[in-house]
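Structural overview
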Amino acid sequence: MKTGVMVCHTVPRLCMLLLCILSLSSPFQPALVIEMARILLENYCFPENLVGMQEAIQQAISSGEIQQISDRKTLAAVLTVGVQGALNDPRLTVSYEPHFVRVTPPALPSLPKEQLVRLVRNSIKMEILENNVGYLRIDRIIDEETAAKLGSLLRENIWDKIACTSSLILDLRYSTAGELSGVPSIISYFSDPESLIHIDTVYDRPANTTRELWTIPSPMGASYGKKKDVIILTSKRTVGAAEAVAYILKNLKRAITVGERSAGGSVKLQKIRIGESDFYITVPVARSVSPITGQSWEVSGVSPTVNVLAKEAVAKAKSLLVVKKDIPKVLESLSDLIWRLYAFTDRVPALIQNLESTDLFSVISEEDLAARLNQNLQSASEDPRLIIKYLPDNVASAEEDSEVHEAPDEPELLRNYFDSIFKVEILKGNIGYLRVDTFVTSSHGAKLEEFMVEEVWEPLKDTESLIIDLRYNTGGSSSSLPLILSYLHENSSKRHFFTVYDRMQNVTTEHDSLPNVTGPTYRSTRGIYVLTSYDTASAGEEFAYLMQSLHRGTVVGEITSGNLMHSKTFGIEGTHIAATVPFINFIDNSGEFWLGGGVVPDAIVLAEEAEERVHEIAEFHKGLGSLIKGAGEQLEEHYAIHEVAVQVSKVLLDKWAEGLYRSVVDFESLASQLTTHIQESSGDDRLHVFHCSAEPESLGEIPQIPTTEEVGYIIDALFKFEVLSGNVGYLRCDMMADLEVVKAIGPQLIKVVWSKLVNTDALIIDMRYNTGGYSTAIPFLSSYFFDANPLQHLYTVFDRTAATMTEVVTMPKVSGQRYGSSKDVFILTSHMTGSAAEVFARAMKDLNRATVVGEPTIGGSISSGTYQIGRSVLFASIPNQVVYSAVTGKAWSFSGVEPHVAAPANNALSVAKRIIARRLQKRQRGK
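Residues numbered from 1 in each chain as written. Predicted model: local features only at pLDDT ≥ 70, side-chain atom pairs only at ≥ 80, totals over all residues. Heavy atoms only, no water.

When helices and strands are tallied, the protein chain shows 25 helices and 42 strands. Residue burial in the protein chain is summarised as follows: out of 927 residues, 51% are buried. A total accessible area of about 43,300 Å² is found for the protein chain, and carbon and sulfur atoms account for 52% of it. (Helix = DSSP H or I, 4+ residues; strand = E, 2+ residues; numbered from the N terminus. Buried < 20%, exposed > 50% of the residue type's maximum accessible area, 1.4 Å probe, protein only. Areas by Shrake-Rupley, 256 points an atom, 1.4 Å probe, with all protein chains shown as cover.)

Right, let's get into helix H7 (residues 151–162). Turning to H7, its buried residues number three or more, namely Gly-151, Leu-153, Leu-154, Ile-158, Trp-159 and Ile-162. Taken around the axis of H7, the buried residues stretch over an arc of 150 degrees, which confines them to a single face. (Arc of directions from axis to C-beta.)

Under the 1.5 Å per step criterion, the end-to-end length of helix H17 (residues 610–622) is 19 Å for 13 residues, consistent within 8% with the ideal 18 Å. Those residues of H17 hidden inside the fold are in contact with strand S21 (465–469), strand S24 (527–532), strand S25 (554–557), strand S30 (603–604), helix H18 (624–638) and helix H20 (667–682). (Expected span 1.5 Å × (residues − 1). Contact = heavy atoms within 4.5 Å.)

Here we take up the sheet that holds strand S39 (residues 864–868). A sheet is described by the order of its strands in space; here three strands give the open sequence S31-S40-S39, paired in antiparallel fashion. Bordering the open sheet on either side are strand S31 (688–691) and S39, each of which pairs with just one other strand. Averaged over neighbouring strand pairs, the angle between their axes works out to 25 degrees when direction is ignored. By the bridge criterion, five bridges tie S39 to strand S40 (residues 874–879) in an arrangement that is antiparallel. Within S40, the position partnered with Thr-866 by the bridge is Ser-877. Sheet strands touched by H18: S39 and S40. Its angle to S40, the strand with the most contacts, is close to 25 degrees. Strand contacts of H20: S31 and S40, with the helix running at about 175 degrees to S31, the strand carrying the most contacts. (Pairing = 2+ DSSP bridges. Axes fitted to C-alpha atoms, helices over the stretch in contact; angles between N-to-C directions.)

The full count for this structure, using the stated rule, is three cavities of 30 Å³ or more. Residue lining of the largest cavity: 19 residues in total, with Phe-719, Leu-731, Leu-749, Trp-754 and Leu-781 positioned closest to the centre. Contributions of two or more residues to the lining of the largest cavity are made by strand S33 (728–733), helix H22 (739–757) and helix H23 (778–782). Here the lining of the largest cavity gets six residues from one element, more than from any other, and that element is H22. (1 Å grid on protein atoms, 1.4 Å probe; cavity = no way out; pocket = protein on both sides within 12 Å on 5 of 7 lines; lining within 4 Å. Points joined across faces, edges and corners; volume = space filled by probe spheres on them.)

Chain-level pLDDT for the protein chain is 86 on average; 90% of the residues reach the 70-or-more range. Across the protein chain, S25 holds the top mean pLDDT of 97, while helix H1 (residues 12–24) sits lowest at 39. Note on residues 5–26: pLDDT is under 50 here. Beyond four places in sequence and across chains, it has 31 contacts. The low-confidence segment residues 395–403 (pLDDT under 50) makes 26 contacts with residues lying over four places distant or belonging to another chain. (pLDDT = per-residue confidence, 0-100.)

Following the criterion strictly, the structure yields 22 aromatic pairs and no others. Judged by centre distance (4.9 Å) and plane angle (15 degrees), the ring pair of Phe-498 and Phe-586 falls under stacked. Residue Phe-498 is found in strand S22 (residues 496–502), and its partner Phe-586 is found in strand S28 (residues 584–588); the two are separated by 88 residues along the sequence. The exposure class assigned to Phe-498 is buried, which follows from its relative accessible area of 0%. (Phe/Tyr/Trp six-rings, centres within 6.5 Å; stacked < 30°, edge-to-face > 60°.)

Relative to the elements of secondary structure, Val-665 occurs in the loop between helix H19 (642–657) and H20. On the accessibility criterion, Val-665 (7% relative accessible area) is buried. Separated by 45 residues in the primary sequence, Val-665 and Phe-620 have C-alpha atoms spaced 7.3 Å apart. If we skip the residues at most four places from it in the chain, Val-665 touches Thr-554, Asp-602, Ala-603, Arg-613, Ile-617 and Phe-620.

Another aspect to go through is the pairing of strand S11 (residues 256–259). Residues Ile-256 and Val-258 line one face of S11 and the alternating positions Thr-257 and Gly-259 line the opposite face, and both faces are buried. The sheet contact formed by strand S10 (residues 230–234) and S11 spans four bridges and is parallel. Within the sheet, the bridge partner assigned to Ile-232 lies in S11 and is Thr-257. Handedness of the crossover is the feature at issue here: the chain leaves S10, passes through helix H9 (residues 241–251), returns alongside S11, and the resulting connection is right-handed. (Right-handed = clockwise from strand over helix to strand, strands pointing away.)

This paragraph deals with the packing of helix H10 (residues 313–341) against helix H12 (residues 366–381). Between H10 and H12, the shortest axis-to-axis distance is 11 Å and the interhelical angle comes to 35 degrees. The element H10 and its partner H12 pack so that their crossing is right-handed. Together, Val-323, Asp-326, Ile-327, Val-330, Leu-331, Leu-334 and Ile-338 of H10 and Glu-366, Leu-369, Leu-373 and Leu-377 of H12 make up the contact between the two elements. Along the lines of polarity and charge, the residues of the contact of H10 with H12 split into nine nonpolar, no polar and two charged. (Left-handed = near helix turned anticlockwise from the far one by under 90°. Nonpolar A, V, L, I, M, F, W, Y, C, P; charged D, E, K, R; others polar.)

In this structure the tally under the stated criterion is 28 salt bridges. A salt bridge links Arg-137 to Asp-139; the nearest nitrogen and oxygen atoms lie 3.0 Å apart. Classification of Asp-139 as buried rests on a relative accessible area of 14%. When salt bridges that share partners are traced, they join Glu-35, Arg-38 and Glu-42 into one network. (Salt bridge = Lys/Arg side-chain N within 4 Å of Asp/Glu carboxyl O.)

What follows is about the packing of helix H11 (residues 348–357) against H12. Between H11 and H12, whose axes approach to 10 Å, the crossing angle comes to 150 degrees. Our classification of the angle between H11 and H12 gives roughly antiparallel. Both H11 and H12 take part in a crossing whose hand is right-handed. Contacts between H11 and H12 involve Leu-351, Asn-354 and Leu-355 from the first element and Leu-373, Asn-376, Leu-377, Ala-380 and Ser-381 from the second. A breakdown of the residues in the contact of H11 with H12 according to their chemical character gives five nonpolar, three polar and no charged. (Parallel < 35°, antiparallel > 145°, perpendicular 65-115°, else oblique.)

Summarising the element assignment, Thr-866 is placed in strand S39. Judged by its relative accessible area of 32%, Thr-866 is partly exposed.

Geometrically, the link from Asn-789 to Pro-790 is a cis peptide bond, its omega value of -5 degrees lying close to zero. Tracing the backbone through its elements, the reader meets Pro-790 in the loop between H23 and strand S35 (793–799). Located in the positive-phi region is Asn-88, a residue other than glycine, with phi close to 55 degrees. With relative accessibility at 70%, the residue Asn-88 sits in the exposed group. In this structure, His-551 is a non-glycine residue whose phi angle is positive, near 55 degrees. Along the chain, His-551 falls in the loop between helix H16 (539–549) and S25. His-551 gets classed as partly exposed once you look at its relative accessible area, which sits at 30%.

Turning our attention to the environment of Arg-102. Tracing the backbone shows Arg-102 in the loop between strand S2 (93–96) and helix H5 (113–123). Overall, the relative accessible area of 48% leaves Arg-102 in the partly exposed class. The spacing of Arg-102 and Lys-271 is 169 residues in sequence and 9.2 Å in space, taken between C-alpha atoms. Discounting chain neighbours no more than four positions away, the residues touching Arg-102 are Lys-271 and Tyr-280.

Turning our eyes to something else, we now look at the sheet that holds S35. Sheet architecture is open: three strands sit in the order S36-S35-S41, paired in antiparallel fashion. Of all strands in the sheet, those with a lone pairing partner are strand S36 (804–809) and strand S41 (881–885), marking the two edges. In this sheet, adjacent strand axes meet at a mean angle of 25 degrees when their direction is disregarded. For S35 and S41, the ladder comprises five bridges, and the chain directions are antiparallel. Across the sheet, Thr-796 pairs through a bridge with Tyr-884, a residue of S41.

So this is what it looks like as structure tokens:
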């Protein structure tokens, strides 16, 4: 315990106000208010809150209301409301007590030892409950001196016996008295004596002292330690020092509180007579501040971890201790399951370590324990199949996968069974239909294949396309999938389908196409459409997933059931907690792990509408090849870099041949897929394909010349300008206008904008919000920042459409005054700066005429054409010009403009200002 003196800052203005009021007021009410204020000034534990009291006192007295209250008790009530409202402290109360007699109870240490013993025995009760659970009820926190006086009695009869218990219920529900000085010894009993802890700080206003409470190195008897479970019971009656004990142990994460929110008492309340009157004011004269939380239990009380009625707290505590006792067993069982069964063996050590380090101190139930473990394990494993659940009902071991169907061995029964799960027919338009209700496993694979060839592949071999209906397929065995998949692929070369790793068996199985199928295969050039529903499950989901990952079919229907997790569920003995552990890893032909869950169709429709939707998609797919070829042809004809266009066109056709467009089901999804493939293979994000029901307007139309009335509006819309401190010009341009438009607004632009900026010492051109426009005005605008002679080569443009290479240079003549070639120019850029705006920025940067500050620009094109793909509703936006640097001779428009000084766009202006200020200071020092 440490004590120090705190300097109290009084409030001079308040004192002056009180003296002034005393001299002017004669009735007793104002004098009562003033004396009450003096008591607060000298005793209230929050002196910093008294600053606002002077206005409240002035208002109360000047209003004259209190002078009209003659009834003393009514006046006390009014003053209570006033002082509580002014200071926001419900503990402040004013009372009228003409017969008040102060009773001071004798200090405990001064009582005879025999009386102290009786007092302690009446206020402390201890017993050992079932399962070696200690129960300690403390109705009074005895002070430090009394505890020392009765040390041997307390150690032998209380603390040493409690130390032998496995866990403890500390009952403070009836603790309504005590001293704060006794708190450190109790906290120390549940702490590590070798590491002292600062547990509380108490400021006493009348004494103007600050006292720190610390744990002590030698607590009462053998320490209870830090690991055994402690539960504290509280009620609405728990008050004072007992609240301090509950609050400290809770926030040290040493105990869980169960019961009701405590009373919210005070460290020290004092009832003080107001002058010579019969009025008294109760004032909190000391305050507690926790060094752990920075807050206090005073007024608000201690909120329980588990909120129950006080009378139910013991029963709840007992059940909670059972849960906490089971935690090590649960962790051990989970660790064992993960160690033995979890399919991702490389993640096992990290998961075990995560379990061991999980903070489960504040667990309040089995359900809470399961939820926390589930959240931590899923976060650490990134595997949604690894699940911890609270299951109050049956948690017996159960495999998540559906039942595996074994086909009968007898040939006739096998045929009948085959006919019951496979249905084949030829639909209108020569579309094959195959309904599979179960994937079977059989020891007679050859016989099963014979039936499949006879009943399935021979009737379907000449159809235009094939529908495989899995809407009623609830699963079965995935062992039959390689056989079916082999008939859906060309057998000219071996193909890997998928891999299964079974951790329980520690076996990895590669599933490839079968080398010698006996019947005709379904050629890979023909379309296959897989129908799914919410009932499609287990091996049915695997088949649908594989048809997507192998790019062999288009899935149409509803998202599948999602019950395929390749896992087993195990109940943890003696609890209602179950663990679902994935023991199989399913790896597709691309090496991707499939974690189960529902398969999302390429076209999501109601199951009953799936077959009708297939006919629409199949019709769309007939023209898919020509659309993909047409997209490549448009690139080859119009894209600015021909060799790149040829390469991209070949990539598109290769992907079409590989089946990567089977997931496309309409023009919109085709446009998205083409855009992705074109951008990936070219590295040019400016290329994109879009779907439009009407032909888009041409972007190359000649802009309309504004009328005289429109000129002012255009200038206001395009430009923002001002002269900043230090004679620095600021010009924001949000769009690059066409040269003819610039010429039309030129005279007004020079008069309104440029004349204000041309004589500044430095200029900031803000292009952060300029996404582009027309490049025709770039040489005109650039010319203002160079001398008339010699002309400057700004950049070179290659136009694929016209097959021309054009050098762009500055102009020999401009309207108005040039800015000159020597003053500093800064250009601000962002990731939005594009097209003509970045061409201007790049030219100024290449020629060392401007310092670029901000973010890299978008890498846009100064010209893109829009071209229709065939006669379809698909259009391609293709950059048909490329810009070459005048300095390096290299094309740069793909990558955009890198700034000289990198800065977030929103900070670019302030960065430029700082650079300008430093340069100006340097020049001034040079002079």
